[in-house]
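In case you want the letters, here they are:
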Amino acid sequence: MNDQQDHESLTAEIRSAVTGWSPNRRRFLSVAGLAVGGAVIGTTAAGCGTAQTGNSGGGGGGGGGGRAGAAGETLFVAGFQWGAPTSFNPYGATPAFPSNPAGNQPELIYECLVRFNMLDGTLAPGLAKELQQPDDDTFVLPLQDGTKWSDGSELTAEDVAFTFDLGKQTALTFSTVWDYVDSIEATDPRTVTVKLKAKPYNPLFVKGILSSTSILPKAIWSKISPDKIVSEPNMEPVGSGPFKLDKADQTQVNLTRDDNYWGNAVFGTPPMATVNHPIFKSNNDGDLKLESGEIDASQQFTAQIWKMWEDKKKPVGTWLKEKPYYLPGNIPLLIFNTTKKGLDNPKVRLAIAYAINTPNIASTAMSDYSAAVQPSLMIPEGYESKFFDQAAAEAEGWKYNKEKAVEILEGDLKAKKGSDGIYVLPDGTKLGGWKASCPTGWTDWNTSLEIVSKSCAEIGIGISTEFPQAPTWTQRIQSGDFDLIMNTYAGVSPASPWRRFRDAMDKRGVPDIGKRADWNFGRYENSSVAALLDTAAGAKTDDEAKAAYAELDKIFRQEIPCVPLMYRPLSFYQFNQSNWENFPTEENPYAPPMWSGAGMTWFFKIKKVGS
């Protein structure tokens, strides 16, 4: 299994009951030789007039004419799909590319009402023209003119209301929205009205759900029993997006442009006729194809990507020209089980925080794709930067300092080393024998935990590593059957950093050890957290929210329920401009470095080289 497949849950599945089209096998075969499971892109498909691709068209973002023939009109992408698709159901267990916008996949088949921009937190138009808030308790979303499904039928507010109502009837990824709303209704055929609950009041969370929920056609999905919704494979999806599924098998997922797409008048027409996702067996296959220009855009982890342009002079790019190359969107954390003897002591957790060589994690495990990690649950760049307080982080927090860790152990805790070199507290509690875990095969995380183990051993704390299979690890996390785990809480979204603080520190709704928890896996508890979270959720101004987040971050630094180990992109975003150019970058920021949400803009704005 490869890192990106596991980290981002990139495989997926789908089905469709009624469509006005059928997959064009000839079109699929004409592209099939271009990029399949490790085959060389550019193999001529007999009788289809496809020219060789790869580097033959030149590069440099405009220095040549790009690929010829059908391959030149295709955007080849990689990093989302790692096995044969078995479902294109956006609410299935493993939705295939590109049917999972909530999982940072592009809205090419299914679309959401509005689109989140991680650079500034705004919500761009999607199926809805905008999100209006006429009063504190109401959201109004007028639909775009002429919205239609790919089978030609009209997409109305009834489809939206139906989709959200499914979350009442069965457990779906967005079902928790009903904890915060009283109703989501079609107040007329073109208008959706959302009524927020007065208590708990959380417009941030609701905005997050509205921007990540794929809208389904009622005419099709209403024929499926609610208890069968999740298991429905939906292999012929009817969506509202700019592309239709052409064919999917063990080698690739192929999409063709819907020239009758309702959004052509709003967003423009995508310049590519086809989007093709080859299914590779390893990251290395995808890396080689990106370097050669046979893959145009990729979201898989590629180690030392800068060598492609610095050493090999390839027209490859990322959002940033210099380190860390990617905009951070998530914080992988070392999470403590605060019910474990020894780990229940904030001073022990602080000593571990000081001991961890996070600079080594950033440079080694994360291939220099992480800036120096801050002692904060807020990301200091992008949308969340307006809430982050650098001065407070420096004054109240920690950074890698082995001497300080030892000072805490011996000075504050009065611990003494045993004959095995591991510290023991005055009450006899040994600061060792603990295991830190993450799934096997997640090599960057595996490396991170090895560094954690080595760092702690150097100061006299005994932490070994354990890398079980992902299902076993997940069960242990949820039940609290662990000492320390590496995991992420919520990434950047309209609800962040609120949701990350909730996930890490809110005990409300979290069962005791042995029962399934969906957040706060370490069972941390502090009586001040709930009120501060409620204040942040209902804040009317950024200043009011910032004040609440500052107090939450202060508590986080005092009690350390988890330790940030690195930053990670919301999704990896890199491109080769041999065939397509005008990808957004920090210097050309017309869209964020995202595949989902407002990142959809670049699918309409990139240009064929030489056009």
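Residues numbered from 1 in each chain as written. Predicted model: local features only at pLDDT ≥ 70, side-chain atom pairs only at ≥ 80, totals over all residues. Heavy atoms only, no water.

A.B. asks: Is there a simple way to explain the sheet that holds strand β4 (residues 132-135) in this structure?
C.D. replies: Across a sheet, paired strands are connected by hydrogen bonds in the backbone, their directions being either parallel or antiparallel. A sheet is described by the order of its strands in space; here 4 strands give the open sequence β4-β5-β7-β6, paired in antiparallel fashion. Either end of the sheet is taken by a strand with one partner, and the two such strands are β4 and β6 (181-188). When strand polarity is set aside, the average angle formed by the axes of neighbouring strands in this sheet is 25°. Taken strand by strand, helix α5 (residues 203-210) contacts β4, β5 (138-142), β6 and β7 (191-196), and its axis lies near 20° from that of β5. (Pairing = 2+ DSSP bridges. Helix = DSSP H or I, 4+ residues; strand = E, 2+ residues; numbered from the N terminus. Axes fitted to C-alpha atoms, helices over the stretch in contact; angles between N-to-C directions. Contact = heavy atoms within 4.5 Å.)

A.B. asks: What should I look at first to understand the pairing of β4 in this one?
C.D. replies: Consecutive side chains of a regular strand alternate in pointing toward one face of the sheet and then the other. Pairing between β4 and β5: 2 bridges, direction antiparallel. Counterpart to Q132 in the pairing with β5 is V140.

A.B. asks: Mind showing me how you'd approach the sheet that holds strand β18 (residues 463-466) here?
C.D. replies: On the basis of which strands lie adjacent, the open sheet formed by 5 strands has the order β18-β17-β19-β14-β20 and mixed pairing. Pairing within the sheet leaves two strands with one partner each, and these edge strands are β18 and β20 (562-564). Neighbour to neighbour, the strand axes of the sheet diverge by 30° on average, direction disregarded. For strand β17 (residues 434-437) and strand β19 (residues 484-488), the ladder comprises 2 bridges, and the chain directions are parallel. Its bridge partner lying in β19, S437 is registered against I485. Most of the contacts of helix α14 (residues 443-459) go to β18, to which it runs at about 165°, and overall it touches β14 (332-336), β17, β18 and β19.

A.B. asks: Sorry if this is basic, but what is going on with the nonpolar core here?
C.D. replies: Burial of nonpolar side chains together is a common tendency in soluble globular proteins. In this structure, L113, F164, V194, L334, I352 and Y549 are the most contacted members of the largest nonpolar core, which totals 172 residues. Tallying contributions element by element places helix α10 (residues 346-355) first for this core, with 7 residues. Excluding its chain neighbours within four sequence positions, the residues that come into contact with V194 are D137, T138, F139, L141, V181, S183, I184, V206 and L210. (Core = buried A, V, L, I, M, F, W, Y, C linked by side-chain atoms within 4.5 Å. Buried < 20%, exposed > 50% of the residue type's maximum accessible area, 1.4 Å probe, protein only.)

A.B. asks: I'm lost on the pattern of salt bridges in this one. Help?
C.D. replies: When the charged atoms of two side chains lie near each other, side chains of opposite charge can form a pair. For the structure shown, the criterion picks out 30 salt bridges. With a closest N to O distance of 3.1 Å, K312 and E291 form a salt bridge. Placement of K312 in the loop between α9 (307-310) and β12 (316-318) and of E291 in helix α8 (residues 283-292) is noted, with a sequence separation of 21 residues between them. Of the residues examined, K312 reaches a relative accessible area of 46% and is grouped as partly exposed. What makes E291 buried here is its relative accessible area of 18%. For K321, the salt bridge identified is with E587, shortest N-O distance 3.8 Å. One end of the pair, K321, is in the loop between β12 and β13 (328-330); the other, E587, is in the loop between β23 (580-581) and α19 (601-605), and 266 residues separate them in sequence. Across the pair, E587 and K321 agree in class, each one exposed. (Salt bridge = Lys/Arg side-chain N within 4 Å of Asp/Glu carboxyl O.)

A.B. asks: Help me out: how do you make sense of helix α17 (residues 529-537) in this one?
C.D. replies: In an α-helix, one turn spans 3.6 residues, which is why side chains three or four residues apart end up on the same side. Among the residues making up α17, those that are buried are V529, L532, L533, A536 and A537. One side of α17 holds all its buried residues, which, seen down the axis, span an arc of 135°. Those residues of α17 that are buried are in contact with α5, α16 (498-505) and α18 (542-559). (Arc of directions from axis to C-beta.)

A.B. asks: What exactly am I supposed to notice about the pairing of β19 here?
C.D. replies: Counted residue by residue, β19 has 4 buried out of 5 residues, so it is predominantly covered. Alignment of β14 against β19, held across 5 bridges, turns out to be antiparallel. Bridging from a neighbouring strand, L334 pairs with M486 of β19.

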